[in-house]
Structures are given as C-alpha cells and as structure tokens.
Amino acid sequence: MALAWSATGDSGRTSSRRQPCDLSRPVALMLVAVLHFVPDGDDPYALVRHLLDALPAGSWLAASHATHEYLPPAVAEQARAAARGGGPHGLINLRTRDGFSRFFVDLDVVEPGITSVAEWRAENEPQPRPSVVEVSMYGGVARLP
C-alpha cells in the first residue's frame, strides 16, 4: 500500500505492485520543493496535517520551501511579483520562516531547526557552499510524537 494525495485533499491507500509501504511502522513524508506550489487557497497547512494524520507515531516530515526572506529587498519584491503572476512553473507561493514553520506545529523539530537549506547541517560539507541568497529556501525535519 502507498499513501496517495490529490489536489482535492483526498488521501487514501492505493495498491501498488511495488514494495508495500507498511503504515504500521514509522515512515518519512518528504515534501521537498513541493509546498511552494500549493496556493494558500488550497489550505496547504490542512493538507499537510491531513497527510501527517494518516502516518503512525514516530514517522518523519522532511520539507523545504522557497522564500524571499534571504533576498535583497528589491530582488525580494521582484520575486514576490513574479510569484503572483506565475511563470514557466506556474504560481509559486513564497512563504516566510514563520509561514513555513506552521507546517511543523505539534511535531518534534530536530536540530538545527527551521533554517536555510544552505546552512542545514552544512558544517562538515565540502566548500564552497551555496549562500542562503543563492538557495533562498527553508528546510526542516521533524518527528511525529
């Protein structure tokens, strides 16, 4: 079985010929570079909560989200304007750190917490690293209690 989600917010178990996803044991829900494509009108927070509610305790949420907060003010305004108007990838919803953090309410966020993906556990990574401005994306990992 695999957990499926549709744009209408319906989730359910669907059969698959691949290795089953055993939802009696903890799993990872990975929403990497996905959530900024879900508009506010679709209530992304309720959608993620709906998915999390289907998972067993001890499961994990790993997510990232585009933001304008690391950009210089003029570039940030251009990014927000482009996001409102859409582009080749459709509408992108840039959210603040506080907005992104709402996806992790009632979860046990692991260190280093909600931060730029450019800085997330990057201490021992090869240099040079992309800057927070170049990446302009938050990331976080949390465990369902």
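Given the structure is predicted, the values throughout are model-derived calculations rather than measurements.

The rules we used
- Chains are numbered independently. Their residues run from 1 in the order of the written sequence.
- Given that the model is predicted, a residue must reach a pLDDT of at least 70 before its local features are reported, and side-chain atom pairs must reach 80 or more before they are shown or counted; all residues, however, enter totals for whole chains, interfaces and linings.
- With hydrogens and water stripped out, all remaining heavy atoms of the structure feed into the side-chain values.
- In this description a helix means any DSSP run of H or I spanning at least four residues, a strand means any run of E spanning at least two, and both kinds are numbered starting from the N terminus.
- Whether a residue is buried, partly exposed or exposed follows from its accessible area with a 1.4 Å probe, protein chains only, as a fraction of its type maximum: under 20%, in between, or over 50%, in that order.
- Here, nonpolar core means buried Ala, Val, Leu, Ile, Met, Phe, Trp, Tyr and Cys residues that are tied together by side-chain atoms lying within 4.5 Å of each other.
- Working rule for contacts: check all heavy atoms of both residues, and any pair within 4.5 Å makes them a contact.
- What the arc covers is the set of directions going from the helix axis to the C-beta atoms.
- pLDDT is a per-residue confidence score from the predictor, ranging from 0 to 100.
- Counted as a polar contact is a pair of N or O atoms within 3.5 Å, where, for protein atoms, one must be capable of donating a hydrogen and the other of accepting one, and residues adjacent in sequence contribute only when both atoms are in side chains.

A closer look at the overall build of the protein chain
Inference 1: What the protein chain contains, in helices and strands, is 4 helices and 7 strands.
Inference 2: The order of α-helices and β-strands along the protein chain, N terminus first, is β-β-β-α-β-α-α-β-β-α-β.
Inference 3: Residue burial in the protein chain is summarised as follows: out of 145 residues, 35% are buried.

Some thoughts on the nonpolar core
Inference 1: Membership of the largest hydrophobic core comes to 20 residues, with the highest contact counts inside it found for L52, L61, F100 and F104.
Inference 2: Only strand 3 (28–31), helix 1 (44–53), strand 4 (60–66) and strand 7 (137–143) provide two or more residues apiece to this core.
Inference 3: Here this core gets 4 residues from one element, more than from any other, and that element is helix 1.
Inference 4: Apart from the residues within four sequence positions on either side, F104 is in contact with L61, A63, V109, I114, G140, V141 and A142.

Re unusual backbone geometry
Inference 1: Cis geometry is adopted by the peptide bond preceding P112, which originates at E111 and carries an omega value of 10°.
Inference 2: Within the secondary structure, P112 is located in the loop between strand 5 (108–109) and strand 6 (115–116).
Inference 3: Residue A33 is not a glycine yet carries a positive backbone phi of 55°.
Inference 4: Residues other than glycine seldom take positive phi values, yet S136 does so here, at roughly 50°.
Inference 5: By the secondary structure assignment, S136 is in the loop between helix 4 (132–135) and strand 7.

Re helix 1
Inference 1: Taken residue by residue, helix 1 has P44, Y45, L47, V48, L51 and L52 as its buried positions. End-on, the buried residues of helix 1 take up no more than an arc of 165°, which puts them together on one face.

What to know about the confidence of the model for the protein chain
Inference 1: When pLDDT is averaged along the protein chain, the result is 84; 83% of the residues meet or exceed 70.
Inference 2: Within the protein chain, strand 5 carries the highest mean pLDDT (98), whereas strand 1 (residues 2–5) carries the lowest (44).
Inference 3: Confidence over residues 1–9 falls short of pLDDT 50; this stretch has 23 contacts with residues more than four positions distant or in other chains.

Some remarks on the environment of R121
Inference 1: With respect to the secondary-structure elements, R121 resides in the loop between strand 6 and helix 4.
Inference 2: For the pair R121 and E111, spaced 10 residues apart in sequence, the C-alpha separation works out to 8.4 Å.
Inference 3: Beyond its immediate chain neighbours, meaning those up to four positions away, R121 contacts V110, E111 and P112.
Inference 4: Within the local environment of R121, its side chain forms a polar contact with the backbone oxygen of E111, the two atoms lying 2.8 Å apart.

Section: the environment of R129
Inference 1: Mapping R129 onto the fold places it in the loop between strand 6 and helix 4.
Inference 2: Given the relative accessible area of 31%, R129 is considered partly exposed.
Inference 3: In this structure, the C-alpha to C-alpha distance between R129 and E119, residues 10 residues apart in sequence, is 8.7 Å.
Inference 4: Residue contacts for R129: discarding those within four places in its chain leaves V117, A118, A122 and E134.

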